[in-house]
Amino acid sequence: YMTTLHQGIDAFWMINFAAIMTNENKLHDQFIDWAKTVKFNDKVEHRDFSVDDMTITLTDRFKEFNYEGFTQCYDSKDVQVFIRKETFSMIPGLKEYTVENYANLVLTANSRSASDLKNEGGILYFSYIAQGSDGRDYYYMTTLHQGIDAFWMINFATIMTNENKLHDQFIDWAKTV
């Protein structure tokens, strides 16, 4: 037997080659040659995810999951996305709010200051760090959007060590809403 290890996009792969003992020496180089031909589809495809009248474009690496308190959630190897729809009928007068007014309401509800609100490329967001149940620190970016009949709050989350790598990606995904 010969076992080769390969790193794919989101997993490690182990490939076992087997030969009859009398052929072992002849096939060793062939196994190595075959192992060198292993390729992984590293092309990431964009994929639209929709809930009610809101669509966000992420990648085909995301899968849906449910989490209490959120309208819809998506999970990939390094990122989780938590989406909450807050209809205008939830609070009297909410329909007259701008997304900036709504953002300040969300900030207040989350014990944050108005100075925490940022605008990057037309995307309103605030970010913070919180410790997960696994004891690791996580980076969260919460973006705020106005829809036809609701405001949408989209929380992107990743482990803290990915903050710099994924910040711009979070903004780009938020721009697709």
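Here the structure is shown first, and the text comes after it.
Not measured: the values here are computed from a predicted model.

## Regarding the overall build of the protein chain
- For the protein chain, the count of helices and strands is three helices and eleven strands.
- Going from N to C terminus, the protein chain has its helices and strands arranged as β-β-α-β-β-β-β-β-α-β-β-β-β-α.
- Since a compact globule built from 177 residues should have a radius of gyration of about 16 Å, the 23 Å found for the protein chain marks it as more spread out than a globular shape.
- Counting over 177 residues, the protein chain shows a buried share of 35%.
- In the protein chain, the proportion of contacts linking residues at least 24 apart, taken out of those at least 6 apart, comes to 41%.
- Accessible surface computed for the protein chain: about 11200 Å², of which carbon and sulfur atoms make up 49%.

## Considerations on the pattern of salt bridges
- Enumeration according to the criterion identifies three salt bridges in this entry.
- A salt bridge links lysine 85 to aspartate 149; the nearest nitrogen and oxygen atoms lie 3.6 Å apart. Here lysine 85, found in strand β7 (residues 80-87), pairs with aspartate 149, found in the loop between β10 (137-146) and β11 (150-159); they are 64 residues apart in sequence, far enough to count as distant.
- Its relative accessible area of 16% is what places lysine 85 among the buried residues.
- Linked by salt bridges that have partners in common, Asp52, Lys85 and Asp149 make up one network.

## Some words on a nonpolar patch on the surface
- Side chains of Met90, Ile91 and Leu105 sit close together on the surface and give an oily, nonpolar patch of about 250 Å² of accessible area.
- Its location among the elements puts isoleucine 91 in the loop between β7 and α2 (99-109).

## Overview of α2
- Looking at α2, one finds that the buried residues are Val99, Tyr102, Ala103, Val106 and Leu107. Buried residues along α2 cover an arc of 140 degrees about the axis, so they all sit on one side.
- Tucked into the core, α2 has its buried residues touching β7, β9 (123-131), β10 and β11.

Definitions and limits used
Residues numbered from 1 in each chain as written. Predicted model: local features only at pLDDT ≥ 70, side-chain atom pairs only at ≥ 80, totals over all residues. Heavy atoms only, no water. Helix = DSSP H or I, 4+ residues; strand = E, 2+ residues; numbered from the N terminus. Rg over C-alpha atoms; globule rule 2.2 N^0.38 Å. Buried < 20%, exposed > 50% of the residue type's maximum accessible area, 1.4 Å probe, protein only. Contact = heavy atoms within 4.5 Å. Areas by Shrake-Rupley, 256 points an atom, 1.4 Å probe, with all protein chains shown as cover. Salt bridge = Lys/Arg side-chain N within 4 Å of Asp/Glu carboxyl O. Patch = residues over 30% accessible without salt bridge, like charges linked within 9 Å, V, L, I, M, F, W, Y side chains within 5 Å. Arc of directions from axis to C-beta.

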